[in-house]
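Here are the chains, one letter per residue:
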Amino acid sequence: MSPTRTTPCTIVIKLGTSSIVHEETHQPLLSTLSSVVETVVNLRKQGHKIVLVSSGAIGVGLKRMNVARKPKSLAGKQALAAIGQGRLIALYDELFGHLEQPIAQVLLTRGDISDRTRYLNAVNTLNELLSMGVVPIVNENDTISVSEIKFGDNDTLSAITSSMIHADYLFLLTDVDGLYTANPRKDPNAKQIEVVTSISAIRSQVSTTTLGSSLGTGGMETKIIAAEIATGAGVTTVITSSKRPEIMFTIIEYHNSLSVSTLAAESSEEFTIPLIRPPHTVFMPSLTPMRDLKAWTSHTLFPAGSVVIDAGAHRVLSRRESGGRLLAAGVVGVMGAFASGQAVRIVVRASDGDSATETPSAQPSRPASPRRLSIAIGTLSRSSSSGNLESPDIEAVSPSPQLGEDDVIEVGRGLAMYNYAQISKIRGLNSSHLAQVLGYADSEYVVENITIRVPPRPTEAK
Ligand SMILES: N[C@@H](CCC(=O)OP(=O)(O)O)C(=O)O
């Protein structure tokens, strides 16, 4: 056995509906579930901490009520999830119980963890359960989830869970053994992609359209999104088959042996040749992972509005030295109504990235509707992101030119330090003038904890 084999890891395992119930009969797939349970218990014996993110509530509910197809209505799905979730967890308790492994049910909605305190409570509970040697079984709280507060699919939920507990691995177990260039069931030329280092590059290489099942909500596209969230938080993400869950041992061992051999090669020591590669796709974790507050802001919060920045600010925020903090000088407008402390989208105008040079000219007279953008504030000549203030006087404002959603591009997210009306007032100003305009200045920044996900075009990134 390799010495690294038992290095304790924190592992999130996601099991989709297609691995839990039969697609047509909705009978529970007992042999798959038993193998998963056995594997989880064996991983625990090696010292790993395991969280299971399990779908299947609706599928089990369909079987219980003898309903042939997933209902179209939200209430219908919610009712079936309420019926199925209890039975699902009872089934897990039965299977894990035979191996004397305690479990816990954790049901989450995005709404729950959009509140920082509740988010931290969820993190604390999960960590406490793990340190008690329990296997938490997480699902979306479907009964109360509505579209605005839904994770939408359990791939995303598992990625957010893995980020919450700083997992080492996220395994997305599904009915295929990895990501392919095309649907392997239909196209004999489909090739498995073994290693993904760039999610954006991979999107152009794979066809993701046909790989969802009729019961679940995910498919390959949601797995790629999940991989993007998890790897961004430093979590190695693996797609592999749920039919042989014990393959997770070999995959962990394989990756450990690769890193051991790389280290040995670097120090010219002897090393053993890594094992034969088990079938899977691995998404490599970011070398500069986003942790805690930034990951929370970026992935768990629904933004309440938008802050429009100029091209100069976009360039500055894309550099690590900016610390993810935006000065009022780089703001050209706001969109929607948001309070201080809420998450906001950071957007640039789609036109041509010329916002840095354009003089702002209007102030919204009322909260802009979420779909319209009001370019905010007074007629004085203000600086661009250089932060120079040419006149300290705030003059009367002119009507708002409006931009639609199509006129802006989201480039990142952050937490607003002031509300939308205040940011409108101080837009373009040097931070030394915030107290004069607002009557106070708790922060010299208007938005903090910003993660830029879309950097400026290379020609702009001087
Ligand atoms: N929360 C739902 C599952 C939603 C979902 O994402 O399903 P899947 O695409 O099979 O992972 C349930 O338990 O039925």
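Rules and cut-offs
Residues numbered from 1 in each chain as written. Predicted model: local features only at pLDDT ≥ 70, side-chain atom pairs only at ≥ 80, totals over all residues. Heavy atoms only, no water. Helix = DSSP H or I, 4+ residues; strand = E, 2+ residues; numbered from the N terminus. Buried < 20%, exposed > 50% of the residue type's maximum accessible area, 1.4 Å probe, protein only. Contact = heavy atoms within 4.5 Å. Areas by Shrake-Rupley, 256 points an atom, 1.4 Å probe, with all protein chains shown as cover. Salt bridge = Lys/Arg side-chain N within 4 Å of Asp/Glu carboxyl O. Pairing = 2+ DSSP bridges. Phe/Tyr/Trp six-rings, centres within 6.5 Å; stacked < 30°, edge-to-face > 60°. Core = buried A, V, L, I, M, F, W, Y, C linked by side-chain atoms within 4.5 Å. Axes fitted to C-alpha atoms, helices over the stretch in contact; angles between N-to-C directions. Parallel < 35°, antiparallel > 145°, perpendicular 65-115°, else oblique. Nonpolar A, V, L, I, M, F, W, Y, C, P; charged D, E, K, R; others polar. Patch = residues over 30% accessible without salt bridge, like charges linked within 9 Å, V, L, I, M, F, W, Y side chains within 5 Å.

Overview of the overall build of the chain
Broken down by element type, the chain carries 13 helices and 18 strands. Among the 462 residues that make up the chain, the fraction classed as buried is 52%. Across the chain, contacts joining residues at least 24 apart in sequence account for 77% of those joining residues at least 6 apart. In the structure as shown, the chain presents an accessible area of about 20,600 Å², 52% of it carried by carbon and sulfur atoms.

Brief notes about the pattern of salt bridges
A side chain with one charge can pair with a side chain of the opposite charge if their charged atoms come near. All chains considered together, the criterion is met by nine salt bridges. We note a salt bridge from Glu 228 to Arg 453, for which the minimum N-O separation is 4.0 Å. Placement of Glu 228 in helix H8 (residues 220-232) and of Arg 453 in the segment after strand S18 (445-452) is noted, with a sequence separation of 225 residues between them. For Glu 228, a relative accessible area of 28% puts it in the partly exposed group. Taking relative accessible area as the criterion, Arg 453 reaches 44% and is therefore assigned partly exposed. Residue Arg 244 pairs with Glu 246 through a salt bridge whose shortest N-O separation is 3.9 Å. Taking relative accessible area as the criterion, Arg 244 reaches 46% and is therefore assigned partly exposed.

Let's talk about the pairing of strand S11 (residues 305-309)
Counted residue by residue, S11 has five buried out of five residues, so it is predominantly covered. The sheet contact formed by S11 and strand S14 (residues 343-349) spans four bridges and is parallel. Residue pairing across strands places Gly 305 opposite Val 344, the latter belonging to S14. By the bridge criterion, four bridges tie S11 to strand S13 (residues 331-335) in an arrangement that is antiparallel.

Examining the packing of aromatic side chains
When we look at a pair of aromatic rings, we describe it by the centre distance and by the angle of the planes. One pass over the structure, following the stated rule, counts four aromatic pairs. Seen from their ring centres, Tyr 92 and Phe 96 are 6.3 Å apart, and the 35° between their planes marks the pair as tilted. Placement of both Tyr 92 and Phe 96 in helix H3 (residues 74-98) is noted, with a separation of four residues, approximately one turn of the helix. Residue Tyr 92 is classed as buried on the basis of its relative accessible area, which comes to 2%. Phe 96 gets classed as buried once you look at its relative accessible area, which sits at 0%. An angle of 55° between the planes, with centres 5.9 Å apart, marks the rings of Tyr 418 and Tyr 440 as tilted. On the criterion of sequence distance, the pair formed by Tyr 418 in the loop between strand S17 (408-416) and helix H12 (420-426) and Tyr 440 in the loop between helix H13 (434-438) and S18 is long-range, its members being 22 residues apart. Look at Tyr 418 and you get buried, because its relative accessible area is 0%.

Some points on the nonpolar core
Among the nonpolar cores identified, the biggest contains 45 residues, and Leu 108, Ile 113, Val 138, Met 164 and Leu 179 are the most heavily contacted of them. At the level of secondary structure, the elements contributing two or more residues to this core comprise strand S2 (49-54), strand S3 (103-108), helix H5 (116-131), helix H6 (154-164), strand S5 (169-174), helix H7 (199-203) and H8. Among the nonpolar cores identified, the runner-up in size contains 33 residues, and Cys 9, Leu 15, Val 238 and Phe 249 belong to it.

A few points about unusual backbone geometry
The phi torsion at Glu 100 lies on the positive side, around 55°, for a residue other than glycine. Along the chain, Glu 100 turns up in the loop between H3 and S3. At His 166, a position not held by glycine, the phi torsion is positive, near 55°.

Describing the environment of Ile 409
Tracing the backbone shows Ile 409 in strand S17. Relative accessible area serves as the criterion here: at 38%, Ile 409 is assigned to the partly exposed category. As a C-alpha pair, Ile 409 and Val 334 span 75 residues in sequence and 13 Å in three-dimensional space. When near neighbours in sequence (up to four residues on either side) are disregarded, Ile 409 contacts Ile 346, Val 347, Val 348 and Ala 350.

Some points on the packing of helix H2 (residues 57-65) against H3
At a closest axis distance of 6 Å, the pairing of H2 and H3 adopts a crossing angle of 95°. As summarised for this structure, H2 and H3 are arranged roughly perpendicular, according to the angle between their axes. In this structure, H2 uses Ala 57, Ile 58, Val 60, Gly 61, Leu 62, Arg 64 and Met 65 to contact H3, whose residues at the interface are Lys 77, Leu 80, Ala 81, Ile 83, Gly 84, Gln 85, Arg 87 and Leu 88. Grouping the constituent residues of the contact of H2 with H3 by class yields nine nonpolar, three polar and three charged.

Considerations on the sheet that holds strand S9 (residues 236-241)
The strand order S3-S4-S2-S1-S5-S9-S10-S8 describes an open sheet built from eight strands, whose pairing is mixed. The strands lining the two open edges of the sheet, one partner per strand, are S3 and strand S8 (195-196). Pairing between S2 and strand S4 (residues 135-140): two bridges, direction parallel. Bridging from a neighbouring strand, Leu 52 pairs with Ile 137 of S4.

Looking at a nonpolar patch on the surface
Together, Met 65, Val 67 and Ile 83 line one region of the surface with nonpolar side chains, adding up to about 220 Å² of accessible area. Its location among the elements puts Met 65 in helix H2. Given the relative accessible area of 45%, Met 65 is considered partly exposed.

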